[in-house]
Each structure stands twice: as structure tokens, then as C-alpha cells.
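This is what each chain is made of:
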Amino acid sequence: LSPPPPFPHGPGPFISEVWRASNDMSLASLIWREWRAIFSDGAVLLTVFGGVLLYSFLYPLPYRHQTPRELPLIVVDLDPGQLSRRLQFLTDASPHVRLARTAYSLAEAEELLTREGLAGILVVPENFHGDLLAGRRPTLTLAGDARFFLVYGKAVEGMSGAAAALGAELSTQPRPGGKAAAPPQQPAVGLNLSPVFNPGMGYLTYVIPAVFLLILHQTLLIGIGLIGAGHDRQSRPDSDDAGRTMLARGLVRLLSFVAIYWLLAMYLLGLCFDFYQIPRLAEAGELQLALLPFLLGAAALGLCLGLLLPHRELVVLVVLLSSMPLIFLAGFIWPVEAIPAPLALVGWVVPVIPGIRAFLLLNHFGADFSAILLPWATLWLQSLIYGGLAWYLLARKAKTTTPPESQASRGRVN
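Residues numbered from 1 in each chain as written. Predicted model: local features only at pLDDT ≥ 70, side-chain atom pairs only at ≥ 80, totals over all residues. Heavy atoms only, no water.

1. Observations regarding the packing of helix α9 (residues 246–275) against helix α10 (residues 284–308)
One way to put it is that α9 packs onto α10 with a least axis distance of 9 Å and a crossing angle of 135 degrees. On the basis of their axis angle, the class for α9 and α10 is oblique. Note that α9 runs across α10; the crossing there is right-handed. Contact residues: G250, R253, L254, V258, Y261, W262, A265, M266 and L269 in α9; L287, Q288, L291, L295, L296, A299, A300 and L303 in α10. Considering only residue class, the contact of α9 with α10 consists of 14 nonpolar, two polar and one charged. (Axes fitted to C-alpha atoms, helices over the stretch in contact; angles between N-to-C directions. Helix = DSSP H or I, 4+ residues; strand = E, 2+ residues; numbered from the N terminus. Parallel < 35°, antiparallel > 145°, perpendicular 65-115°, else oblique. Left-handed = near helix turned anticlockwise from the far one by under 90°. Contact = heavy atoms within 4.5 Å. Nonpolar A, V, L, I, M, F, W, Y, C, P; charged D, E, K, R; others polar.)

Right, dumping it as C-alpha cells:
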């Protein structure tokens, strides 16, 4: 036997019946039931609150200092003298590195590097002073763990800058024999580099804000999907929880999660931005306008997942597997121009893609609200589509879960 159609007597009588059922049950009772389901489910609490709070500290903290600075080095000076001391002074003056320890042999330096976890070893070679005065190019050595490429790269940058500064000083001094060295040739064009949209040139201010939106989106999908795939399938229609009230419960559930995640969004985009000193260019009112359809669309999509997937575990699996592709499709790590057009188009089906685009335009680029009209309209369209799909699924489920005696009595009345 096929299940009865979702609207056997037209949508009008069905909507009025749901409204009458929700009035009989009382709005306060519906809200109480939904919030009790949310706060009594350990998996939902761990995902919604634990996930957001944990990732707000766990993910950004390693990048809090943006780029590595003051990296501790061990110096091994195999040719002590005036020039080697000058090189060490210039190296220590660099903002990237500092000379933390001194060793008298490579074996001693390796032991210190392993025991104290320093960034690397700077080795001044033998005959360093004589090679420089003779016009030969001595080779400085930096030993470090290149697996930490950011740390190693900054250490190399600090050491090479000090070596270049020392070479510039020596080029203006007279050489043996009374002849002055030719002054270093100046470049024909000067450069004035000023980074925009990421003034700190770091990972934190550029990537973390978009990742925060992805965290909100994914945990919202999992949380509301777990409720739909768990509690709804365990519930049975009775006098207090009849199948005809399911649509009202779905609406209350959606608005409840939107309210919860609005507070979590204010935490991530407010307190966390202040804590990590992430610049804010978006106005508060424009940010709220952009967040509203984003949260509504994500909550409606989560409702659909909870109604379509038969097990709670599948909700978590589907959402987690989609996280990595969504990071690249969002366009803040991988350039949008390098994403194949079909994949980029598919990405706009998920609310987080236009949501991240709109937020980055407002907050990172300081754009006017008119610049985000396309992603903003896309979010509202997704809210309507996923909300309509959730409405249909809830209505069909309400009809299929209504007790047989209730359907028979309704047939006699009609």
C-alpha cells in the first residue's frame, strides 16, 4: 500500500489543522519539548556547544601570532672575531630570529637543539673573516627541521637578511691596499609594498573568519539533523504528540536552532574576533542581514537531512565528508578561478558557499551591501527551497504517522 498523499484535501485544510493542533498543544509546550530534546541529547550538546567552543580555541591558537617571530637559534662560531660578532649582532636584531644559546661544537649544538626544542643552528664557518676580506664568499649554514616549513623559512629569512646587511657594510669599507670598494649598485626602481585585505600577512586574519562560518554551518547541520533522525523516529503518535503537530514542531525546531546559532555566531564573530584581534570592516546591521538567511538556509537543510537519512550516524558521516570539499569550493583557500566551473556551480547549492562569499566581501574587503546582493539573494532562495522541501517531508511524515483510528474517524467526518 502506498502512503497517503501529504495533502489529501488540499493544503488549506491541512495548514489550518496543523495550526489548530499547535494551538491545542500550546506554543509553550511545543517549545519546551523541542528545547528539552536539544538539551537532553548528549551528542547534540557536544556538537552544537562543545564543537563551536572547542574549535574557537583549538583551531586559531596555533596561528595567534600570525607569522613566526623571535625564533630561538643556537650559534656555533668556528671563527671568533669582529666580523662574526657583527654578523651575530645583525642576526639577533632581526625580528624573525634571536640567538638564544651559544655552542662550541656541532655535537654540543645538536644536543641543545634536541633537548631544548630550539628552531635551528647557525654555523659561522672557519676562516670567515679572511674569506670576506679577500673578496671570497663564505658559506653560512643553517640547520633546522624543515618539516615545520614556516619556522624554517622565517629562520632562513632572518639569517639571509643579516648576511646581506653585513655584505652591504663591507662593500663600503676600504679593502687591503687602500682601495675603496665600489658602492653597491642601487636598483633602478624602488618598491613600496603595502599588503591589502590581509595586512598582518598571516593565516589568522585571512582564513579563520571563513573557517568560523564553516564551523557554524557544519555543526548546525549535524545538530538539527541528529534531532530529526533520532528523536522523531523514536517518538510515537499519541494524544500529546499527534502526527498532525509534526509540522509545527519542525517550525519550532528550525527557529530554535536559528536562535541558538545566532548567539553562537555573535560569540565567534564578536568575542573571538576581539580576542584574536581580527579586524572588522563590516557594519553590525549589514552583518545581521547577511547572517539571517545563512542561518535559516542551513537550519532548513539540516531539517531535510534529518528527515531523509535513516540513521543518526549517517548525518554525521555525510556532513563531515562534505567539510573538506566545501573548504576548497568556498574560494578563500583555493582561488575561485582555479575551480572547475561545474564544481563551483555545485558548491552554490550549499548555504555555506554564498555565506562565506558574502561575509568576506563585507568584512575583509569592506564592500558595500550592494556588492553581496547575489550571494544574499542566493541564501534567501536556498532558505525557501530547503524550507519548502522540509515542509513537504514533514507533511508526508505527519500523514504516514497518524494513527489508523484517527484517519478512519477523519474519513467518517469528511
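2. Focus on the packing of aromatic side chains
Counted according to the given criterion, the structure contains eight aromatic pairs. A ring pair is formed by F275 and Y276, whose centres lie 4.9 Å apart and whose planes are at 80 degrees; its orientation type is edge-to-face. Classification of F275 as partly exposed rests on a relative accessible area of 37%. According to the relative accessible area criterion, Y276 is buried, its value standing at 3%. Between F369 and W376, the aromatic rings sit 5.3 Å apart at their centres with planes inclined by 75 degrees, giving edge-to-face as the arrangement. Here F369 falls in the buried class, since its relative accessible area comes to 15%. The class of W376 is partly exposed, set by a relative accessible area of 22%. (Phe/Tyr/Trp six-rings, centres within 6.5 Å; stacked < 30°, edge-to-face > 60°. Buried < 20%, exposed > 50% of the residue type's maximum accessible area, 1.4 Å probe, protein only.)

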